[in-house]
Amino acid sequence: MNEHTRARGAEAPEPSSVGDAGTEPGVLEQDPVTFEVVNSALHAICAEMKSIIMRTSFSPLLSLSADLSCAVLDVHCNVIAQGVDIPVHLGAARYTGLAALKYYPAACWRDGDGVLLNDPYEGGTHLPDMSLLTPVFAHGTLVGFVLSRIHWPDIGGIAAGSSSVSDEIIKEGLRIPPIRILEQGVVREDVLRMILANVRVPSDRKGDFHAALAGHRRATDRVQDLCRRYGADVVTQVMADTQIYSRRLVEARLCRLPDAEVVREETLDSDGIGADTAPRIRVRIRKQGVRLVFDFTGSSPCVAGPINAPLPVTASAVFYTVLSFLGGDIAPNSGVYSGVEIIAPERSIVHAAYPHPVVAANTETANRLADMLLGALGEAYPELACAGSYGSACVYTMGGVAPGSNRPFVHYETIGGGMGATAAGRGISGHRVHMGNTMNLPIEGIEAGMPVRVIEYAIVRGSGGAGHHPGGDGVRKTIEVLVDDVQASVLGERTRTPAAGCAGGAPGALAGFFIQSADGRCRELVAKSGPHRLMNGDRLVMVTAGGGGWGQATP
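Heads up: these notes are all about the structure in this document. Note that the structure is predicted; figures quoted are calculated from it, not measured. Within each chain, residue numbers correspond to sequence positions counted from 1 in written order. Restriction of local features to residues with pLDDT of at least 70 applies here, the model being predicted, together with a cutoff of 80 or more for giving and counting side-chain atom pairs; totals for whole chains, interfaces and linings are based on all residues. Here the side-chain values reflect all heavy atoms present in the structure, with hydrogen atoms and water set aside.

1. Some words on the overall build of the protein chain
And then number 1: Along the backbone of the protein chain there are 12 helices and 21 strands.
And then number 2: Computed over the C-alpha atoms, the radius of gyration of the protein chain is 23 Å, within 12% of the 24 Å expected from 2.2 N^0.38 for a compact globule of 555 residues.
And then number 3: In terms of overall dimensions, the protein chain has a C-alpha envelope of 75 × 60 × 40 Å along the principal axes.
And then number 4: Within the span of the protein chain, comprising 555 residues, buried residues form 61% of the whole.
And then number 5: Once local pairs closer than 6 in sequence are excluded, the contacts in the protein chain between residues at least 24 apart make up 74%.
And then number 6: About 19900 Å² of surface is accessible on the protein chain, with carbon and sulfur atoms providing 52% of the total.
And then number 7: Counted as positive: Lys and Arg. Counted as negative: Asp and Glu. His and the chain ends are not counted at all. Where a charge lies is defined by one atom per residue type: Lys uses NZ, Arg uses CZ, Asp uses CG and Glu uses CD. In the protein chain, 48 positive and 58 negative side-chain charges are present, and the distance between their average locations comes to 1 Å. A run of DSSP states H or I qualifies as a helix once it reaches four residues; a run of E qualifies as a strand once it reaches two. Both are numbered from the N-terminal end. Note on method: radius of gyration uses C-alpha positions; expected globular size equals 2.2 Å times residues raised to 0.38. For every residue, the accessible area obtained with a 1.4 Å probe (protein chains only) is divided by the maximum for its type, and the residue is called buried under 20%, exposed over 50%, and partly exposed between those limits. Whether two residues are in contact is decided by their heavy atoms: any pair within 4.5 Å suffices. Accessibility throughout is a Shrake-Rupley quantity obtained with a 1.4 Å probe, and a residue counts as covered only by protein chains that appear here.

Shown next, in the form of structure tokens:
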């Protein structure tokens, strides 16, 4: 499409998978018990797959922080089941599958094949997220695919951690279009060598890749076990029925809400390149019957810095918003999104195109999008309103060479902040919100893995917005480096625009980022900056924003 892209439910799921008009009764109607058993088993497979990857990976970002996601797809790459993982990973899953099928049509897949990709313009999210798609065959017939998306702490580029400020994607790291990495169960070592030659700490990244393979093998075995036990026809019918079931739930809840149309516009913090840059995101949301249209016409064109969102990232924020807005208890799959239309101008900040950089869109733009979309829907449906959050994943990266061993190290971590309050209660403090769902890295693990000392990690009391229900508080984290020549970068948000309160609640406190030199000097950083050169004794200080409050505070 030329000027605009219309994405209906993530590139329009196959009608046969999400519609039930004119079709024979499926397992859902004829045998609801079997439907629930098989459907639950598919979700359990995703959870077990994730557990395998975490327990066999080399990176603490995977083994401890769980920055990875797993899903089961049908033969059309509709999402059938997914883990309780990372929303920005999972909302893009169908885009990833379709990108792989574009280069490798379903007819050419064999048992044991696998396609690897991270290209944000070809079904990926940002370069550090490595996606692997493998097929599942039962009795020689393709019944679906297994997908993992795991965050590599480094994929090359100008800065350790591959998450810094640059003005083109070439500088962000190695871009991998869909490429066959497995052939009938055998790793293509030539392709893997090429990839590992372009990353820092290649031995660890090789370990993470093989951890993903282990997870895929287990998931494939489990789906094949289901096919042997219940029959491949029953399993594939459940895959179709679960989308029908979720779609019916979405439509039933939308029918209970009046039609509405709202417009909202917000600006992001600078892109890290231009100090005065204030990119605009504009959205018009129309709810009509059982359909939702998110129209981003009027949003800023792509900017120089790395906050441009690929379409799969924008779609992930929209899908997350829909699920959250409708209660958060509907099983997420492609059926949920079949009634959602996204209009995103090409080469805009919500539909990035080559060569614009994108790495911060996953963590910053996507979270600001979720805040914005939920805030807009709250204007139309005040009873469902949610105050703004800290609007970020607050990523910091560090890298250098450890003394003694002379071994390079790379560290990537996200930091929690304040969640917005709702009519139901106060916001959570120091928590990853919206598009991220990673866990805290233990301080002992950080200090054991690289030459740093964590000086402070604390809740910033009172930073949440006041209200009948206060917003959640932000976090302060201070890290001191113990060697010279450490590269450090920060990607954050809300240093300029606080998290909005709602229903009379106050906004949260702003974020702030600083470098304290060993000689006592302190330098304030913009929201997105780096790579910086830190010397022994220097400290990186990060303060995340508080969430907005809900309702007027009582005296």
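2. With respect to the sheet that holds strand 16 (residues 475–481)
Across a sheet, strands are paired by hydrogen bonds formed along the backbone, either parallel or antiparallel in direction.
And then number 1: DSSP bridges decide pairing: two strands pair if at least two such bridges lie between them. The five strands lie next to each other as 15-16-21-18-19, forming an open sheet whose pairing is antiparallel. Strand pairing shows two members of the sheet lacking a second neighbour, strand 15 (452–459) and strand 19 (522–525), which therefore form its edges. For this sheet, the mean inter-axis angle between neighbouring strands, taken without regard to orientation, is 15°.
And then number 2: By the bridge criterion, four bridges tie strand 18 (residues 512–516) to strand 19 in an arrangement that is antiparallel. Its bridge partner being in strand 19, Phe514 is matched across the sheet by Glu524. Axis definition: a line fitted to C-alpha atoms, over the contacting stretch in the case of helices. Angles run 0 to 180 degrees between N-to-C directions.

3. Concerning helix 6 (residues 93–103)
And then number 1: Along helix 6, eight of the 11 residues are buried, which leaves the element largely enclosed by surrounding structure.
And then number 2: If you check which residues of helix 6 are buried, you get Ala93, Arg94, Tyr95, Thr96, Gly97, Ala99, Ala100 and Leu101.

4. Notes on the side chain of Asp538
And then number 1: Within the secondary structure, Asp538 is located in the loop between strand 20 (528–534) and strand 21 (539–543).
And then number 2: Any carboxyl oxygen of Asp or Glu that lies within 4 Å of a side-chain nitrogen of Lys or Arg is treated as forming a salt bridge with it. As a buried residue without a salt bridge, Asp538 has its nearest oppositely charged side chain in Arg521, at a separation of 7.1 Å.
And then number 3: Of the polar contacts made by the side chain of Asp538, one reaches the backbone nitrogen of Ala518; its length is 2.9 Å.
And then number 4: Setting aside chain neighbours within four positions, we find Asp538 in contact with Ile479, Glu480, Val481, Gln516, Ser517 and Ala518. Pairs of N or O atoms are called polar contacts if they sit within 3.5 Å, as long as, within protein, a hydrogen donor faces a hydrogen acceptor (for residues adjacent in sequence, only side-chain-to-side-chain pairs).

5. Some points on the nonpolar core
And then number 1: What we call a nonpolar core is a set of buried Ala, Val, Leu, Ile, Met, Phe, Trp, Tyr and Cys residues that are connected through their side-chain atoms within 4.5 Å. Of all hydrophobic cores here, the largest spans 55 residues; its most connected members are Ile281, Ile285, Phe294, Phe296, Val318, Val322 and Ile342.
And then number 2: Elements with a minimum of two residues in this core: helix 9 (232–255), strand 10 (280–288), strand 11 (291–295), helix 10 (311–325), strand 12 (340–345) and helix 11 (361–380).
And then number 3: With 10 residues, helix 10 is the largest single contributor of residues to this core.
And then number 4: Grouped together as the second largest cluster of nonpolar side chains are 54 residues, Ile53, Val199, Leu213 and Leu226 included.

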